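# Structural description and commentary
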Amino acid sequence: LRECFNDIRLFNTETFTWSYVRPSGEYLEPRRNHVSFVLGNHFIVHGGINSHGRYLNDIWHFNSSNSKWERTPTENSKVNMEGVAYHTCLPIFSQDVRFYQLFKGPREIKSRAIKNIKEEGIYFFGGRTETGRILNNMRVLKVGKKPLQWVELPTTGTPPRGGYYH
């Protein structure tokens, strides 16, 4: 068994120093091989493997404004039923992601928008499940209102082989 951690360290880019953040709120299960990303003032974690080798499918967010962890409510879990690890994610929005909020739409900003995005949100691809199945589907986590929505994108053409560790 591998030891996993759930601590948060903050790097100050002005002083080049690390500090330990003492979060409050619910308990985030320690994990490895998960994906994470920043959306507004939230740090989001999805999936991974716990210290006992169990694959996870949960989503948590850390609010940097109040240093609090919370489990993130989602709907349409059919898209996200199995635990997954070694996957990849990328936020794709038509507006600057720095001004997006987890449970609210973006603040009004003036920037060059990306056009022709049919589904805005966090795109997830690939990964491996606990049964060893390698995924090749495209899943999107739509943000902006509670609960967050999972959508599996219908794609055309020959999909790439499933991938993980990428």
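In the block above lies the structure referred to throughout.
Rules used throughout
Residues numbered from 1 in each chain as written. Predicted model: local features only at pLDDT ≥ 70, side-chain atom pairs only at ≥ 80, totals over all residues. Heavy atoms only, no water. Helix = DSSP H or I, 4+ residues; strand = E, 2+ residues; numbered from the N terminus. Buried < 20%, exposed > 50% of the residue type's maximum accessible area, 1.4 Å probe, protein only. Contact = heavy atoms within 4.5 Å. Areas by Shrake-Rupley, 256 points an atom, 1.4 Å probe, with all protein chains shown as cover. Pairing = 2+ DSSP bridges. Phe/Tyr/Trp six-rings, centres within 6.5 Å; stacked < 30°, edge-to-face > 60°.

## What about the overall build of the protein?
Check the secondary structure of the protein and you find 0 helices and 14 strands. In sequence order, the secondary structure elements of the protein are arranged as β-β-β-β-β-β-β-β-β-β-β-β-β-β. A total of 166 residues make up the protein; the buried ones form 36% of that total. Once local pairs closer than 6 in sequence are excluded, the contacts in the protein between residues at least 24 apart make up 58%. When the accessible surface of the protein is summed, it comes to about 10,600 Å², and 50% of that surface belongs to carbon and sulfur atoms.

## Structural notes on the sheet that holds strand β6 (residues 55-63)
An order of β3-β7-β6-β5-β4 is seen for the 5 strands of this open sheet, with the pairing classed as mixed. Here the strands that pair on one side only, and so sit at the sheet edges, are β3 (24-25) and β4 (35-39). Here β6 pairs with strand β7 (residues 68-71) via 4 bridges, running antiparallel. Of the residues in β7, the one forming a bridge with His61 is Glu70.

## Description of the packing of aromatic side chains
For the coordinates displayed, the defined rule picks out 7 aromatic pairs. Measuring from ring centre to ring centre gives 5.1 Å for Phe124 and Trp150, while their planes differ by 55 degrees; the resulting arrangement is tilted. Within this pair, whereas Phe124 is found in strand β11 (residues 121-125), its partner Trp150 is found in strand β14 (residues 148-152), the two being separated by 26 residues in sequence. Accessibility expressed as a relative area gives 1% for Trp150, which makes it buried. Put simply, the rings of Phe11, Phe16 and Trp18 pair up and form one aromatic cluster.

## A look at unusual backbone geometry
Residue Lys146 is joined to Pro147 through a cis peptide bond whose omega torsion reads -15 degrees. Positive phi is not limited to glycine here, since Phe16 has a value of about 55 degrees. With respect to the helices and strands, Phe16 occurs in the loop between β1 (8-12) and β2 (17-21). One non-glycine residue, Ser67, adopts positive backbone phi at about 55 degrees.

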